[in-house]
Each structure stands twice: as structure tokens, then as C-alpha cells.
Amino acid sequence: MAAQGGVLFQEKVSRLLSRENGKPVLKPNRPLVLKDSVANRKPKKGEASCITEMSLLMACWKQNNFVDSLCSNEVNTFYTCVHKAEAARKNKSEQSNVTGGRLTPKQATTLLKRFPNLRSET
């Protein structure tokens, strides 16, 4: 079924590009062929975590002239939050690798170079 849809699409594009009825409907300014590479974009950064715990810790330090022993409760709270956030981030990255998800731009480029597209228009 998917191959049939691709054939129908190619027929429609070739019909729009043909000059049977005078001027073509589509006037592409570039060839209608995919490139063999993908733009190398970095994935978006996630949101910051443990900001409130960090601000509480810094406020405690400021009140106590940066003495760690007086702010041990805040330090422990901050570190537990950091460990939980790292575990959640690791779990999320493992899940995305297992399910397949999206390819990175580098992986897509290597696949496109391994299986290049035809350089002629339809």
C-alpha cells in the first residue's frame, strides 16, 4: 500500500512539472532531490532541576558566612535532589535508546551516505 502511495505521489509531481497545458504549475528553484546529509543540530537542553534547593543552600551559606557545618541539612537536600534528577535523566535516555525514537543528525547522515538518493529529478 505504501509503494502505491509513493507511485501516485510521483505521478502527481511529474504531472505538475510537465508542460502539457502550457506553463508548468510548479517552478522549483532547486532540483526536487533530497540531499545526502542532514543539518547537524544539537538536541535541545532540558530544563534546569533542583533550582529551589540550590537557592535555599546559597541563602543558608550567606546567612552563616559560608560555614558548611551549619547548612548540612540544606546540602543533603540539594545532593539528594541532584541524585534523583540524574537517575531520572539516565532512565529517560535509556528508554529513548530502547524504543528507537528519532535518529540523531549524525546517524541520519551516515545512513543517507550509505544509501544515496538518485541525483535526477522525477
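All of these numbers come straight from a predicted model, not from anything done at the bench. (Residues numbered from 1 in each chain as written. Predicted model: local features only at pLDDT ≥ 70, side-chain atom pairs only at ≥ 80, totals over all residues. Heavy atoms only, no water.)

(A) Expanded view of the overall build of the protein chain. When helices and strands are tallied, the protein chain shows four helices and zero strands. Its helices and strands taken in sequence order, the protein chain reads α-α-α-α from the N to the C terminus. Within the span of the protein chain, comprising 122 residues, buried residues form 11% of the whole. A separation of at least 24 residues holds for 62% of the contacts in the protein chain among residues at least 6 apart in sequence. Taken as a whole, the protein chain presents about 11,300 Å² of accessible surface, with 56% of it coming from carbon and sulfur. (Helix = DSSP H or I, 4+ residues; strand = E, 2+ residues; numbered from the N terminus. Buried < 20%, exposed > 50% of the residue type's maximum accessible area, 1.4 Å probe, protein only. Contact = heavy atoms within 4.5 Å. Areas by Shrake-Rupley, 256 points an atom, 1.4 Å probe, with all protein chains shown as cover.)

(B) Broad picture of the state of the cysteines. Per the stated rule, a full pass over the model turns up two disulfides. The side chain of Cys 60 participates in a disulfide bridge whose partner is Cys 71; the two sulfur atoms lie 2.1 Å from each other. Linking Cys 60 and Cys 71, the disulfide has an S-S dihedral of approximately -95° and is accordingly described as left-handed. Within this pair, whereas Cys 60 is found in helix H2 (residues 51-63), its partner Cys 71 is found in the loop between H2 and helix H3 (72-99), the two being separated by eleven residues in sequence. With respect to burial, Cys 60 and Cys 71 carry one shared label: buried. (Disulfide = S-S within 2.5 Å.)

(C) Inspection of H2 at higher detail. For H2, which comprises 13 residues, the first-to-last C-alpha distance of 18 Å matches the rise-based estimate of 18 Å (1.5 Å per residue) to within 8%. Once H2 ends, the next one or two residues include Asn 65, with phi positive near 55°. (Expected span 1.5 Å × (residues − 1).)

(D) Spatial organisation of the side chain of Thr 109. With respect to the helices and strands, the residue Thr 109 is situated in helix H4 (residues 105-114). Owing to a relative accessible area of 15%, Thr 109 belongs among the buried residues under this scheme. Dropping the residues within four chain positions of it, Thr 109 is found in contact with Asp 36, Ser 37 and Val 38.

(E) Molecular detail of the confidence of the model for the protein chain. For the protein chain, mean pLDDT is 80; residues scoring 70 or higher make up 80% of the total. Across the protein chain, element-level confidence peaks in H2 with a mean pLDDT of 94 and bottoms out in helix H1 (residues 2-17) with 74. (pLDDT = per-residue confidence, 0-100.)

(F) Representation of a nonpolar patch on the surface. A cluster of nonpolar side chains, namely Leu 103, Leu 111 and Phe 115, defines an oily patch on the protein surface of about 310 Å² accessible area. Along the polypeptide, Leu 111 turns up in helix H4. (Patch = residues over 30% accessible without salt bridge, like charges linked within 9 Å, V, L, I, M, F, W, Y side chains within 5 Å. Salt bridge = Lys/Arg side-chain N within 4 Å of Asp/Glu carboxyl O.)

(G) Seen up close, the environment of Cys 71. Owing to a relative accessible area of 0%, Cys 71 belongs among the buried residues under this scheme. In this structure, the C-alpha to C-alpha distance between Cys 71 and Trp 61, residues ten residues apart in sequence, is 6.7 Å. Aside from chain neighbours lying at most four places away, what touches Cys 71 is Leu 57, Cys 60, Trp 61 and Asn 64.

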